[in-house]
Amino acid sequence: MGVSSRLKSRFQKFLQRPGTTVDLAPLQKRLPAVEALEEELKELDDAALTERAGEASEIVEICAIGREAARRGLDQRPYDEQILGVMALLSGKVAEMATGEGKTLTAAIAAYGHVRQGRGPVHVLTVNDYLAARDADWMRPVLTLLGLTVDSVTEASTPEERRAAYGCDVTYVSVSEAGFDYLRDQLVVDIADRVQRELSTAIVDEADSILIDEARVPMVLAGTVPGEQDPVHAAAALVKGLKRNRDYEIAEDGRSVAFTTEGTEKIEKKLDGIDLYADENFDQLSALNVALHAHALLHRDIDYIVRNGAVELVDESRGRVAQRRRWPDGLQAAVEAKEGLSATSEGEVLQTITVQSFIALYRTVCGMTATAVLVGDQLREFFKLEVAVIPPHKPNIREDLPDRIFATRQEKEDALVVEIGKAHEEGRPVLIGTRDVKESETLAAALEAKGISCVVLNAKNDAEEAAIIAEAGKRGAVTVSTQMAGRGVDIRLGGSDEADHDEVAELGGLYMIGTGRFDSGRIDDQLRGRAGRQGDPGTSVFYGSLEDDLIVRNAGDMIPPSPHMDMDGVVTDERVDYAVGHAQRVAEGVGHEIHRNTWRYNVVIEQQRVALSERRERLLTTDVAADMLRSKFPEETAEIDDEVLSKVSRSIALYHLDRLWAEHLSYLSEVREGVHLRALGKLDPLDEFHRAAVPAFGKIMPEIEDRTVDTFAEIDEVTDTWEPAQANLVRPSATWTYLVHDNPFGSELDRLIAAVGRRLVTGRK
Ligand code: ADP
Ligand code: MG
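What you see is a predicted model; the values in this text were computed from it and never measured. (Residues numbered from 1 in each chain as written. Chains lettered and ligands numbered in written order. Predicted model: local features only at pLDDT ≥ 70, side-chain atom pairs only at ≥ 80, totals over all residues. Heavy atoms only, no water.)

Novice: Residue-level account of the nonpolar core, with values.
Specialist: In this structure, Tyr112, Leu143, Tyr172 and Ile203 are the most contacted members of the largest nonpolar core, which totals 53 residues. With nine residues, the top contributor of residues to this core is helix α6 (residues 59-74). When near neighbours in sequence (up to four residues on either side) are disregarded, Tyr112 contacts Ala53, Ala56, Ile62, Ile65, Gly66, Leu143, Leu146 and Leu148. With 42 residues, the next largest nonpolar core counts Phe180, Leu183, Leu199 and Ile212 among its residues. (Core = buried A, V, L, I, M, F, W, Y, C linked by side-chain atoms within 4.5 Å. Buried < 20%, exposed > 50% of the residue type's maximum accessible area, 1.4 Å probe, protein only. Helix = DSSP H or I, 4+ residues; strand = E, 2+ residues; numbered from the N terminus. Contact = heavy atoms within 4.5 Å.)

Novice: So what's going on with the packing of α6 against helix α8 (residues 103-116)? Residues and values would help.
Specialist: Each packed pair of helices is defined by two parameters, the angle between the axes and the distance between the axes. Contact geometry of α6 with α8 gives a least axis separation of 10 Å together with a crossing angle of 135°. Classified by the angle their axes make, α6 and α8 are oblique. Of the two elements, α6 crosses α8, and the hand of that crossing is right-handed. Residue-level inspection shows Ile62, Ile65, Gly66, Arg67, Ala70 and Leu74 of α6 in contact with α8, the latter providing Leu105, Ile109, Tyr112, Gly113 and Arg116. For the contact of α6 with α8, the class distribution of residues is seven nonpolar, two polar and two charged. (Axes fitted to C-alpha atoms, helices over the stretch in contact; angles between N-to-C directions. Parallel < 35°, antiparallel > 145°, perpendicular 65-115°, else oblique. Left-handed = near helix turned anticlockwise from the far one by under 90°. Nonpolar A, V, L, I, M, F, W, Y, C, P; charged D, E, K, R; others polar.)

Novice: Could you give an account of the site of ligand 1, naming the residues involved and the relevant values?
Specialist: Around ligand 1 lies a shell of 17 residues, among which Gln76, Gly100, Lys103, Thr104 and Arg492 are the nearest. Interatomic distance of 2.9 Å between a side-chain N/O atom of Gln82 and a nitrogen atom of ligand 1. When ligand 1 is considered free in solution it has 570 Å² of accessible area, and contact with the protein chains removes 87% of it. When atom positions are compared with the pocket grids, ligand 1 is found to occupy the second largest pocket. Split into classes, the residues belonging to the shell around ligand 1 amount to four nonpolar, seven polar and six charged. Inspection of the shell around ligand 1 shows a minimum of three residues originating in each of domain 1 (20-220 + 355-387) and domain 3 (401-587). (Near = heavy atom within 4 Å. Polar contact = N/O pair within 3.5 Å; in protein donor to acceptor, adjacent residues only side chain to side chain. Areas by Shrake-Rupley, 256 points an atom, 1.4 Å probe, with all protein chains shown as cover. 1 Å grid on protein atoms, 1.4 Å probe; cavity = no way out; pocket = protein on both sides within 12 Å on 5 of 7 lines; lining within 4 Å. Sits in = over half its atoms within 2 Å of the grid points. Domains from an automatic or database assignment.)

Novice: Quick one: what's the story with the layout of surface pockets, residue by residue and with numbers?
Specialist: Picture a little ball the size of a water molecule; that probe, rolled over the atoms, points out where space is still empty. By volume, the second largest pocket amounts to about 880 Å³. Considering the residues around the second largest pocket, the lining is formed by 38 residues, among which Gly100, Glu101, Gly102, Gly488 and Asp490 are closest to the centre. Elements with a minimum of two residues in the lining of the second largest pocket: α8, α9 (129-145) and α23 (521-528). If you tally residues by element for the lining of the second largest pocket, the top one is α9, at six residues. Across the lining of the second largest pocket, the residue classes break down as eleven nonpolar, 14 polar and 13 charged. Two domains each donate at least three residues to the lining of the second largest pocket, and these are domain 1 (20-220 + 355-387) and domain 3 (401-587). (Points joined across faces, edges and corners; volume = space filled by probe spheres on them.)

Novice: Tell me about the packing of aromatic side chains, residues and numbers included.
Specialist: All told, the structure shown has six aromatic pairs when counted by the stated rule. Aromatic side chains Phe406 and Tyr543 sit 5.9 Å apart centroid to centroid with 20° between the ring planes, which places their arrangement in the stacked category. Remark: Tyr543 occurs in strand β22 (residues 538-545) and Phe406 occurs in strand β17 (residues 404-406); sequence separation between them is 137 residues. Comparing Phe406 with Tyr543 shows no difference in burial state: the two are buried. A ring pair is formed by Trp661 and Phe697, whose centres lie 6.4 Å apart and whose planes are at 85°; its orientation type is edge-to-face. On the criterion of sequence distance, the pair formed by Trp661 in helix α28 (residues 642-679) and Phe697 in helix α29 (residues 685-698) is long-range, its members being 36 residues apart. The exposure class of Phe697 is buried, given its relative accessible area of 12%. Taken together, the aromatic side chains of Tyr182, Phe358 and Tyr362 make up a single cluster linked through ring pairs. Above the ring of Phe542, the side-chain terminus of Arg517 is found at 5.5 Å from the ring centroid. (Phe/Tyr/Trp six-rings, centres within 6.5 Å; stacked < 30°, edge-to-face > 60°. Lys NZ or Arg CZ within 6 Å of the ring centre and 35° of its normal.)

Novice: Break down empty space enclosed by the protein for me, with residues and values.
Specialist: Under the definition given, this model contains six cavities of 30 Å³ or more. Together, Gln186, Leu187, Leu350, Gln351, Arg609, Leu612, Ser613, Arg616, Leu657, Asp658 and Trp661 line the largest cavity. Counting only elements with at least two residues in the lining of the largest cavity, the list comes to β13 (348-354), α25 (574-621) and α28. Among the residues making up the lining of the largest cavity, the classes are represented as five nonpolar, three polar and three charged.

Novice: Can you lay out the sheet that holds strand β14 (residues 364-369) for me, pointing to particular residues and giving the numbers?
Specialist: Spatial strand order, β3-β4-β2-β5-β14-β1-β15: seven strands in an open sheet with parallel pairing. Each having just a single partner strand, β3 (150-153) and β15 (387-389) make up the two edges of the open sheet. Between one strand axis and the next, the sheet turns through 20° on average, direction left out of account. Bridge count for strand β2 (residues 122-126) against strand β4 (residues 170-174) is five bridges, and the pairing is parallel. Bridging across to β4, Thr126 finds its partner in Ser174. Strands in contact with helix α11 (residues 175-185) are β2, β3 and β4; relative to β4, the strand with the most contacts, it is inclined by about 100°. (Pairing = 2+ DSSP bridges.)

Novice: Residues and numbers for the confidence of the model for the chain, please.
Specialist: Overall, the prediction assigns the chain a mean pLDDT of 87, with 89% of residues at 70 or greater. Overall, residues 13-18 carries pLDDT values under 50, and its contacts beyond four positions in sequence, including any with other chains, amount to ten contacts. Note on residues 748-765: pLDDT under 50 across the span, and 34 contacts to partners over four residues away in sequence or across chains. (pLDDT = per-residue confidence, 0-100.)

Novice: Describe the pairing of β22, listing the residues and the values that go with them.
Specialist: Most of β22 is tucked away: eight of the eight residues are buried. Residues of β22 alternate between two faces, with Gly538, Ser540, Phe542 and Gly544 on one and Thr539, Val541, Tyr543 and Ser545 on the opposite face, all of them buried. Alignment of strand β16 (residues 399-400) against β22, held across two bridges, turns out to be parallel. Paired with Glu399 across the strands is Thr539, a residue of β22. When β17 meets β22, the two strands line up parallel, connected through three bridges. Across the sheet, Ile405 pairs through a bridge with Gly544, a residue of β22. Regarding the hand of the β-α-β motif, the stretch spanning strand β21 (residues 510-514), α23 and β22 is right-handed. (Right-handed = clockwise from strand over helix to strand, strands pointing away.)

Novice: Mind laying out the side chain of Ser200, listing which residues take part and the relevant values?
Specialist: Turning to its location among the elements, Ser200 is positioned in the loop between α11 and β5 (201-205). Reaching out from Ser200, the side chain makes a polar contact with the backbone oxygen of Gly120 at a distance of 3.2 Å. Dropping the residues within four chain positions of it, Ser200 is found in contact with Arg119, Gly120, Pro121, Tyr362, Arg363 and Thr364.

Novice: Outline the sheet that holds β13, supporting the account with residue identities and numerical values.
Specialist: What links the strands of a sheet is backbone hydrogen bonding, and the strands pair in either a parallel or an antiparallel sense. An order of β12-β24-β6-β13 is seen for the four strands of this open sheet, with the pairing classed as mixed. The strands lining the two open edges of the sheet, one partner per strand, are β12 (325-326) and β13.

Novice: Please provide a residue-by-residue account of a negative patch on the surface, values included.
Specialist: On the surface, Glu705, Asp706, Asp710 and Glu714 cluster together to form a negatively charged patch. Among the secondary structure elements, Glu714 is positioned in helix α30 (residues 700-714). Classification of Glu714 by relative accessible area gives exposed; the value is 63%. (Patch = residues over 30% accessible without salt bridge, like charges linked within 9 Å, V, L, I, M, F, W, Y side chains within 5 Å. Salt bridge = Lys/Arg side-chain N within 4 Å of Asp/Glu carboxyl O. Lys, Arg positive; Asp, Glu negative; His and termini not counted. Charge placed at Lys NZ, Arg CZ, Asp CG, Glu CD.)

Novice: Can you lay out helix α7 (residues 80-90) for me, pointing to particular residues and giving the numbers?
Specialist: Among the eleven residues that make up α7, eleven are buried, leaving the element largely enclosed by the rest of the structure. Among the residues of α7, those classed as buried are Asp80, Glu81, Gln82, Ile83, Leu84, Gly85, Val86, Met87, Ala88, Leu89 and Leu90. Looking one or two places after α7, you find Gly92, whose phi comes out positive at around 75°.

Novice: Please provide a residue-by-residue account of the pattern of salt bridges, values included.
Specialist: By the definition in use, this model includes 51 salt bridges. Taking the shortest distance from any N to any O, the salt bridge between Arg67 and Glu38 comes out at 3.6 Å. Of this pair, Arg67 sits in helix α6 while Glu38 is found in helix α4 (residues 38-43), placing the two residues 29 residues apart along the sequence. The pair formed by Arg67 and Glu38 is uniform in burial state, with each residue classed as buried.

Next comes the structure, spelled out in structure tokens:
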């Protein structure tokens, strides 16, 4: 057993860190048994294999049958490492497997295993629609041989298509689409309108990205509020011509801005000399402040792009377009107005859930990613998930060079262009990872100026990007890309057909250059992982400058006044290396703390949401509402047909429940803004929040009953066709979904405090 003992010694060498990651030995012990079934399974014809697949229930058989189905369906025999990954996923772990190791196939076999072990249906949660559709199609031959049905859901799917896809054994869907469907299902008045079945098992792809980076993101189902008016365009017009340092000043950290006296006066004059700081003009001042933030601090092509007449946010931490996201607190509408677009309404929040709480609804959660160990603590803290580190199929021989740090940004850029030019001349493919869209464009322009043509990926379209990045390993290719563009796509040496694979390997493989460290070392690692896949040669290096935001913001005071440099202007100072690491640790720590803090608030809201949703489920699926009305109105109800009474009382009660919940959500967000103010008076904001949230929720249940009784009492005649609208109980005419993006400047309240503070300082009345 040469192969297995060779593997054994490699596994032992590989990252055995007891306590932090799962011990692979017990999983590894089963590999020979999986292999032992191989010959026997090969003998079966397809139909017999499918039949056998439907009978399997224990791990070894599941793995062996899964392997055989992959061999037939894709002509790829899963490696032992992938089989280990399957076992890790089946035991509810996060499997860390490097880029290109074949996590898609691993997850498909694990999905089969979960179904066979009675944990279906399985949702494979992806980071975007493109990957959901691609992976469902890609894995269909394997899953079909295994006797399972499979489909995907994307934003474009109709309700019928969604219901059919969720009716399959395995459904590929982006986490946001799955979450939005869940929210919509929470508001149906007839169970037949639901599209999802129970949430049983989630296999989360790019698990760190979804479970950690996106965890706090609220998914929102909103509805139109009739008669909402919009002062944002007026405000946008008023701030339009204002100039920095004359009409307004930007704080050093670039995160807040305030009108100067001159600026305020200018606006007041345009408004016929009103006093903006008078109480009655509070709303106007508030709108102007938001407009000023949009005008002065949010930059097109860095913070957002404008596409198809809409503002689309660029996710700061990844430099990619975050689809269907909105900034909160009116900021979104302010930016739309600034760009001359018609401002879209935030609407009233009807139902909301964070990504983290949504994932927690699944009975079983597991996942895979190339970078899990670095967030192992957080996965344990927030999801009780352990990480299993699966070794690569072939040892990684990528060369990770030390950072090259320059004094200024300009020197960095010059050096980058020279380095890229050198590699390009040899024909070696270069992939440059930038921090934002603007940086991509500046660098591309500098390269073009030197006659180096390159492709720029701007994270604007997942499908197009996938096609481009798949060719980033071609001989002579220069690809400039923001961090997450084209993620999940395999970069093969020599191009997607691997035509010049050996030649490119000879040149050293893919050369990955980062234009600056990211806020998290994990993101750096994801970029590095683009090179050197499946044992290919490759190189990675990060360029940096002492002017980079990360360093200035988090470790500015640690940079020595005249650091050591070599002849080429590269900083070779240990103190600077330390400062870079420190800056990342600070940024990561802040991220973790914010996550923990938001989570503490969210726990209460989530408990209330769950309690109310149980109540709602009972109203929806039983006759409790009708029974309640029967006890209050014995005579009137006796005259009504049972089925009609059931339907009418249910729809009245559900209407009131949904309404009260929407009102409660809006109250909670007000309270949450307010408690920070009160925190200035030294009360613990979280305690304060609880003190307000708990009794308010306590009133909802009796209130549902009271309002239901009142409504019923007012109905003249109960008929089969009665609708709540007849009693003026109007459900929102249109609903839509979005993800709430962090307000980059803190809450509206913070901004007002800043504005008021400024007014005190400048001595204005
Ligand atoms: P990951 O998600 O781990 O980065 P993918 O699932 O995208 O990797 O797979 C990377 C590439 O490896 C794909 O082109 C896939 O076809 C190939 N691959 C996966 N498993 C095998 C296998 N067992 N044998 C050969 N090729 C494989
Ligand atoms: Mg993948």
